[in-house]
Amino acid sequence: MINFKNLTFSYRRKQVLHDVNLDIRQGLIYGLLGKNGEGKTTLLHIVSGLLYPDKGECTVLGHTPSSRKASFLQQIFLLPEEIYFPDVSAGQYFSIFKPFYPSFSDEILKSCVETFEVETQAPLRKMSLGQKKKAAIALALAANTPLLLMDEPTNGLDIPSKSVFRRLLSQFFGDERAVVISTHQVRDLESLIDAVIILDNKEILFNNTLNEIGGKLAFGPVDANERSFYTETSPTGNIGVTVNRSGENSPVSLELLFNAAVSAKNEIKQLLNS
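Below or above, wherever it landed, is the structure these notes cover. (Residues numbered from 1 in each chain as written. Predicted model: local features only at pLDDT ≥ 70, side-chain atom pairs only at ≥ 80, totals over all residues. Heavy atoms only, no water.)

The subject of this paragraph is the pairing of strand 10 (residues 217-221). A large share of strand 10 lies buried, amounting to 4 of its 5 residues. Note that strand 10 and strand 12 (residues 237-243) share 5 bridges and pair antiparallel. Bridging across to strand 12, P221 finds its partner in I239. (Buried < 20%, exposed > 50% of the residue type's maximum accessible area, 1.4 Å probe, protein only. Helix = DSSP H or I, 4+ residues; strand = E, 2+ residues; numbered from the N terminus. Pairing = 2+ DSSP bridges.)

Attention now moves to the sheet that holds strand 3 (residues 29-33). Hydrogen bonding along the main chain pairs the strands of a sheet, whether they run parallel or antiparallel. Taking strand neighbours across the sheet as the criterion, the 6 strands line up as 5-6-7-3-8-9 in an open arrangement whose pairing is mixed. The two strands at the open ends of the sheet, each matched to only one other strand, are strand 5 (76-79) and strand 9 (203-209). Taking each pair of neighbouring strands and ignoring which way they run, the sheet shows an average axis angle of 15°. The pairing of strand 6 (residues 147-151) with strand 7 (residues 178-182) spans 5 bridges and is classified as parallel. Residue pairing across strands places L148 opposite V179, the latter belonging to strand 7. Sheet strands in contact with helix 9 (residues 265-273) are strand 8 (195-200) and strand 9, and its direction is about 40° off that of strand 9. (Axes fitted to C-alpha atoms, helices over the stretch in contact; angles between N-to-C directions. Contact = heavy atoms within 4.5 Å.)

Let us now look at the pattern of salt bridges. Scanning all chains against the criterion turns up 9 salt bridges. The residue K35 makes a salt bridge to D200 at a minimum N-O spacing of 3.9 Å. A residue pair is termed long-range when its members are at least 10 positions apart, and K35 in the loop between strand 3 and helix 1 (40-47) and D200 in strand 8 qualify at 165 residues. Among the ionic pairs, D106 bridges to K98, the shortest N-O distance being 3.0 Å. Accessibility expressed as a relative area gives 45% for D106, which makes it partly exposed. The exposure class of K98 is partly exposed, given its relative accessible area of 34%. Each of K35, D200 and K265 takes part in one network of salt bridges that share partners. (Salt bridge = Lys/Arg side-chain N within 4 Å of Asp/Glu carboxyl O.)

Here it is as structure tokens:
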């Protein structure tokens, strides 16, 4: 569905992505993780055709995104972190964008609006940040595109609304679609995503499913003399990431995984890419 081949991108003289190779396939929800400034938003913008690579290739759904053809744009939806809202009601907002998406689902929109309790007659400019974000998420899901890109979708949502977001995305996600979610709020995604992509120092450290990660890494208590990729102190003792030698799949902690990937980059990369 998405393929990067030896892709490099720079902002003027500052290189953000270098020689990146990436494959994203349908039927999975991906978590895109990385520190601030590592290029997560840049990657999403290249996929959607808003930015053009300096070198290398990017193909999405059989299209070159930078061409911005209507047949391509109808198949993707990018939900940015910062959203411009016109001076209209939520209902008018949905009506403005609906004609652009052939697969738009009124049923999904109705379910999202009711579950999120979005007031369709209320002016968007008078809504709180959380209510605006709910309206934007409802539109993103209702567009029903094969590819959905989301940049920090849970920012601005309270705890109950984050649970609703996860439930709605799971409910309306299908095997024919792919979702890529860029976020710092890793705990918001733990029960939702199927695969993890980590960006670090202009490159992709790894792109693996949770099953693949849990089969090679173990997450949990770490003995004092046990070799680990990452260890931190918790109220119940040391916890961290070690090589999984149990033969059983370990539940993945995204927070521990990210810290381990940054702390022991080469070892983690080699293990997961082997």
